[in-house]
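Commentary on secondary and tertiary structure
Here is what each chain is made of, one letter per residue.
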Amino acid sequence: MHITRVGFGAWAIGGPDWAFSWGEQDDNESIAAIRHAIDRGINWIDTAAIYGLGRSEEVVRRALADIPQNERPYVFTKCGLVWDEADRQLTPRQIGAPASIRREVEASLRRLKVERIDLYQMHWPAEDGTPLEAYWQTLLDLKHEGKVRAVGLSNHNTEQLEFAEGFGHVDTLQPPFSPIRRTVAAAELPWCHEHQTGVIVYSPMQSGLLSGRFSVERAKALPKDDWRSRNAEFNGEKLLANLKLAEALEPIAEHYGVTVAAVAVAWTLAWPGVTGAIVGARSPAQVDGWLAAASLQLTQHDMSWIAQAILATGAGSGPDVP
């Protein structure tokens, strides 16, 4: 699969009433955002069963329903996070049991109304006692059976990637990566580059902190059902450092005539090993805010400027230059 440098992230469109929601969301606005992204040339959507406890996948299905099959974007989804229908606010369990994964893939196929999922990834390492080789072999089997086209791992480290590779090629890794959260640049990105494993990074704007539109006031006003209100990066000294870093990206954005959000996303794409960036949007206007990242090529001077800003602000952790 040849994917565009940015893809549509469908986490936030899962809506409210679950442990890691972004608060209220209008499905019609979500559908408009997805269709606008496709109209602008984006050719892949990243979702997961856990996003809205199935709602995100259903919204994606609705957004694609009227699009001819040969014009549809690739659809990527994930497994391994199982929720409790009796209490939607409970933190989902990290389950790797083969039978559970097979139930999940069938449920995702139904919700998405597709015959095959383009990329299926294990969302997090299992914590139910299932060994990595068992859940990874299940994904490899699903690929062999034709239920999914490619398989990958999300939020797994280098040691886990190396172990999985011994059983069958890891097509993709999906790690968190942004100018704030940079730790995967130390080992995981080089490993993937060496093993020809595609990397689609998530939260390249650190869930909005590097959008250029965030503020202390906005952070304080986040509703209780928005997971960011409870996250350390959105509070206290960390929040102040992160906002200073966003401010430091403004001269580069002005130079290229793009948004701070586009610069933040382009920074992730400048690293060797990164194939594409998953960028969320809840409206067509938000899509337009970061779409320029797909064609923005930051120079070595730009990357050095950002590295100096990271050092000056003390934001985040991890390597600051490729």
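Scroll up to find the structure.
Read on for an overview of the structure. (Residues numbered from 1 in each chain as written. Predicted model: local features only at pLDDT ≥ 70, side-chain atom pairs only at ≥ 80, totals over all residues. Heavy atoms only, no water.)

Details of the overall build of the chain
Under the convention used in this document: For helices the rule is a DSSP run of H or I covering at least 4 residues; for strands it is a run of E covering at least 2, with both sets numbered from the N terminus onward. Any pair of residues with heavy atoms lying within 4.5 Å of one another is described as a contacting pair. Here the open area of atoms and residues is found with the Shrake-Rupley method and a 1.4 Å probe, where only the protein chains shown may cover a residue. The charge count treats Lys and Arg as positive and Asp and Glu as negative. His and the chain ends do not count. We put the charge of a Lys on NZ, of an Arg on CZ, of an Asp on CG and of a Glu on CD.
The helix and strand tally for the chain stands at 12 helices and 10 strands. Projecting the C-alpha coordinates of the chain onto the three principal axes gives extents of approximately 50 × 40 × 40 Å. In the chain, the proportion of contacts linking residues at least 24 apart, taken out of those at least 6 apart, comes to 77%. Entry remark: accessible area of the chain is about 14000 Å², with carbon and sulfur atoms responsible for 50%. Averaging the locations of the 30 positively and 40 negatively charged side chains of the chain gives two centres separated by 4 Å.

Remarks on the pairing of strand β3 (residues 74-79)
Selection rule: For the exposure calls, accessible area comes from a 1.4 Å probe over protein chains only, and a residue counts as buried if that area is under 20% of its type's maximum, exposed if over 50%, partly exposed in between. Strand pairing requires that DSSP identify at least two bridges connecting the strands.
The element β3 is extensively covered by neighbouring structure, given that 5 of its 6 residues are classed as buried. Here strand β2 (residues 44-46) runs beside β3; their pairing, made up of 3 bridges, is parallel. Directly across from Asp46, in β3, lies its bridge partner Phe76. Sheet topology note: the β3/strand β6 (residues 117-122) ladder contains 4 bridges and is parallel.

Regarding the nonpolar core
Filter applied, for reference: Joining through side-chain atoms within 4.5 Å is the link that ties buried Ala, Val, Leu, Ile, Met, Phe, Trp, Tyr and Cys residues into a set, and such a set is a nonpolar core.
Membership of the largest hydrophobic core comes to 89 residues, with the highest contact counts inside it found for Phe8, Ile34 and Trp290. Here Phe8 is in contact with Ile13, Ala33, Ile34, Ala37, Ile42, Trp44, Ile45, Asp46, Ile278, Val279, Ala281 and Val287, once residues within four sequence places are set aside. Core analysis: the next-biggest nonpolar cluster, separate from the first, contains 12 residues, Trp22, Ala49, Trp83 and Trp227 among them.

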